[in-house]
Amino acid sequence: MKSKRNALATVHPNATAHAIPADQRRLRLGEGLLYAPSPETTPVKIDREYGLFIDGEFRAPASGKSFVTINPANEKKLARVAEADAADVDRAVKAARRAQEKVWGKMPARERGKYLYRIARLIQEHSRELAVLETMDGGKTIKESRDIDLPLVAAHFFYYAGWADKLDYAFPGRRSRPVGVAGQIIPWNFPLLMAAWKLAPALATGNTCVLKPAETTPLTALHLARILQEADLPPGVVNIVTGAGETGAAFVAHPGVDKIAFTGSTEVGKRIAATLAGTNRKLTLELGGKAANIVFDDAPLEQAVEGIVAGIYFNQGHVCCAGSRLLVQESVYEEVIRRLRDRISTLRVGDPLDKNTDIGAINSKAQLAKIHELVASGVEEGAELVQPRCRLPEAGYWFPPSFFTGVTAAHRIAREEIFGPVLSVMTFRTPEEALERANQTPYGLSAGVWTDKGSKIFKIAAKLRAGVVWANTYNKFDPTAPFGGYKESGFGREGGLHGLLPYVSLN
Amino acid sequence: MNTLPFPRRSVDQVMTEERAAAFTKRSIKADSKLAALKLAISMMDLTTLEGKDTPGKVAHLCRKAVSPAEPRYGVPSCAAVCVYPNMVAAAKAFTKGTPVKVAAVATAFPSGLMPLSVKLEDTRLAVEDGADEIDMVIDRGAFLRGEYRQVFDEIAAVKEACRGAHLKVIFETGELQTYDNVRLAADLAIAAGADFIKTSTGKVSPAATLPVTLVMLEAIRDHFYKTGVRIGMKPAGGIRTAKEALAYLVMLNETLGADWMTPALFRFGASSLANDVLMQIARLVDGRYQSANYFSLP
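Keep in mind it's a predicted model, so treat the numbers as computed, not measured.

Analysis parameters
- Residues numbered from 1 in each chain as written.
- Chains lettered and ligands numbered in written order.
- Predicted model: local features only at pLDDT ≥ 70, side-chain atom pairs only at ≥ 80, totals over all residues.
- Heavy atoms only, no water.
- Helix = DSSP H or I, 4+ residues; strand = E, 2+ residues; numbered from the N terminus.
- Rg over C-alpha atoms; globule rule 2.2 N^0.38 Å.
- Buried < 20%, exposed > 50% of the residue type's maximum accessible area, 1.4 Å probe, protein only.
- Contact = heavy atoms within 4.5 Å.
- Areas by Shrake-Rupley, 256 points an atom, 1.4 Å probe, with all protein chains shown as cover.
- Lys, Arg positive; Asp, Glu negative; His and termini not counted.
- Charge placed at Lys NZ, Arg CZ, Asp CG, Glu CD.
- Pairing = 2+ DSSP bridges.
- Axes fitted to C-alpha atoms, helices over the stretch in contact; angles between N-to-C directions.
- Parallel < 35°, antiparallel > 145°, perpendicular 65-115°, else oblique.
- Left-handed = near helix turned anticlockwise from the far one by under 90°.
- Nonpolar A, V, L, I, M, F, W, Y, C, P; charged D, E, K, R; others polar.
- Buried area = accessible area lost by both parts, 1.4 Å probe.
- Salt bridge = Lys/Arg side-chain N within 4 Å of Asp/Glu carboxyl O.
- Polar contact = N/O pair within 3.5 Å; in protein donor to acceptor, adjacent residues only side chain to side chain.

Draft legend 1. Inspection of the overall build of chain B at higher detail. Looking only at helices and strands, chain B has 12 helices and eight strands in total. Over its C-alpha trace chain B gives a radius of gyration of 18 Å, about what one expects of a compact globule, namely 19 Å for 298 residues. Across the 298 residues in chain B, those meeting the buried criterion constitute 62%. Of all intrachain contacts in chain B linking residues separated by at least 6 positions in sequence, the fraction that spans at least 24 positions is 76%. With the model as given, the accessible surface of chain B reaches about 11000 Å², and the carbon-plus-sulfur share is 54%. In chain B, 36 positive and 32 negative side-chain charges are present, and the distance between their average locations comes to 5 Å.

Draft legend 2. Region of interest: the sheet that holds strand β3 (residues 101–106) of chain B. Residue and element names in this part refer to chain B. The strand order across the open sheet formed by eight strands is β7-β6-β5-β4-β3-β2-β1-β8, and the pairing between neighbours is parallel. The strands lining the two open edges of the sheet, one partner per strand, are β7 (232–234) and β8 (268–270). Sheet twist, expressed as the average angle between the axes of neighbouring strands with direction ignored, equals 25 degrees. With three bridges joining them, strand β6 (residues 196–198) and β7 adopt parallel strand pairing. In the strand pairing of β7, Ile197 is matched with Met233. Packed on one face of the sheet, helix α12 (residues 273–286) meets β1 (44–47) and β8 and runs near 130 degrees to β1.

Draft legend 3. Structural context of the packing of helix α6 (residues 191–204) of chain A against helix α7 (residues 219–230) of chain A. Residue and element names in this part refer to chain A. As a packed pair, α6 and α7 sit with axes 8 Å apart at the nearest point and diverge in direction by 50 degrees. As the angle between them shows, α6 and α7 are arranged oblique. At the point where α6 passes α7, the crossing takes the right-handed sense. On α7, the residues touching Pro191, Leu192, Ala195 and Leu199 of α6 are Thr220, Ala221 and Leu224. When grouped by side-chain class, the residues that make up the contact of α6 with α7 number six nonpolar, one polar and no charged.

Draft legend 4. Region of interest: the interface of chain B and chain A. With 45 residues of chain B in contact, the opposing surface of chain A contributes 52 residues. Together chain B and chain A conceal approximately 4100 Å² of surface at their shared face, both sides included; 51% is due to carbon and sulfur atoms. Ranking the residues of chain B by area buried against chain A places B:Met15, B:Arg26 and B:Tyr225 at the top, with a combined share of 17%. Linking chain B with chain A are nine salt bridges, by the criterion used here. Residue B:Arg221 is joined to A:Glu302 by a salt bridge in which the shortest nitrogen-to-oxygen separation is 2.4 Å. At the surface where chain B touches chain A, the tally comes to 28 residue pairs in polar contact (both at pLDDT 80 or more). Elements represented by at least two residues in the side of chain B that touches chain A include exactly α1 (13–23), α2 (30–42), α10 (210–227) and α11 (242–255) of chain B. When residues of the side of chain B that touches chain A are assigned to their parent elements, the largest contribution, seven residues, is made by α10(B). Each residue belonging to the side of chain B that touches chain A can be placed in one class, and the counts come to 18 nonpolar, 11 polar and 16 charged.

Read these as spatial facts, not as claims about activity.
Structure follows, in structure tokens:
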């Protein structure tokens, strides 16, 4: 995507005198300036090995096992991380139980709030190094980890710190009690942010936590553990156990966990729901999505294209609420596609630590293989793949920003979650048809509506079966806004006042 | 009465401003930065538009435009000097034999609130005195009343009065206020024959901003796709630092591309910007900052 030559030397005659023939009307976007590599240089100290964070200390796992976490942008090893087995999970759950009953649950609510405020402030103080670590371990661009993930992480702690001593006002006329020990399993796409989404409301309401980060992105959660130590959070209030699917399964099976909060794939979510059925343990699931981003012909098209880009290429498309199905009204289809084609040619793919990078590395080899498999199915089923010309780095896992045209509702790429920077474009003719297509999915997490007409926004949004509907914007997050799905996208809400509910029993 | 010869486009404020802000996050360094800063100098319309302007002041400006810095810095001359019509003859004399063009603000600058006949005469006299470029203002009163046809006809009439001189059409976006209005003014001016579209007179705040310029660049892009004709862009007023100028070039690079990165199609209207850019060039070449005293006032 970088131009080899600098066009500065070229002096054009007054071009306005001559019209360029239609077949040569191309914009040489991004070819007029060279952007120098501009790597983020904040140093971050990564240990060679990390233990499990149980009862306020890092400990060697009883299992004696460990695994390696790598930087997906260069496939180099970053650290060795302990792998918790059932015995380790049991220790963590028992520590959490003790802390809940003896310390955290009995603590005056305003004191709990103080801890949360302190954690939020410490996250802000350490935010740059956490952003760098997030980028190294997960592949997301420093631009996003620095400007989006970390500010939101701190904001979530600040927001729920405020609720800690105001729960009587959250649920007027009722008394809330903590659920007990929360087992929280989080994904690899927003590692630290998802930890914040899970921990902050649980702690504010008096619960203690056992958190399991994803196996490809454990490092920021482990560094968060150090921040919790720095904040003098009482031992056992938060325990962080690392591992893969088996560790998670040990969690879900543990009878001492009063509530499971899971964010991840629909497939795993269904298994968890089956395990918990009939146990009287609480469950919230935030699962996959295949969101429709609907562009009407009266939309501000330039900005709609920005929203399409933000919808699908944000975080390499590793976003459960990604706007992965674009529904465009037929009358503006050509214009939207032309703009989108131009726009993706300006996206810079490469070193995630470079401040000029727009699209970072795919999180893991397995995820890259999944994206390739689905893209191949799209091509095979006859859709047209559009990709900009761009050179991808040799080491690491990469996929260029892409979109498919000529997609029909029956294509796999229109039904299955790709979880990568790949958009499926379809058309519609009337608002009714748009709604029908948008809702024609087993998922229901999010959707986008683009129109200049306010009444249309309300009418369409009310009929979309999606937990979050963005109007004339996309992928915007705020701790005050509840987030969660319909149908196979899960149940329960995170964020806002609604995000307190899964963590309280109301009398 | 006021039917437009093109569809009216709406612009969303939030996403426009978000997109514009993204351009400030690109990082340009070393050789690329030096080249970009020199390009910025070559795109500059050095401007003096004060009631107290005299041929003496214009001489300073012209000298600065012809050779902005010591030869060892290899800085090109500026694109043009921009003056009131009474100063055109002096400016032409001082820039004679150089590539620097003379632009005149005409058409009852800066308000535009005079009869069309006066505006046309204003234009003709400036062109007769040798102005290469005419920077006209639209009648914002007429625009905000919805008299789009009048605005269109005035631009077309001034274009004719220019007789080959390049026409830049100033919207005074700080008075139009909404991005919808800016976009409409851009489509209107381009349809009426503008060679360049320009944000501001420099007399009203806010003057040029990144999002306003982005909206205008988008109108230029749509016109290019529709007709194959390249219209130029001139943000003017309010751009004071080299860093801001680089953000505009990044925006240009990613919105219209390399073909627009020439003084023939992009200008900065500014007075104090030049010295900050020159200071940055000197720093890149010499490896250290110099005192502002080493840079002459324009």
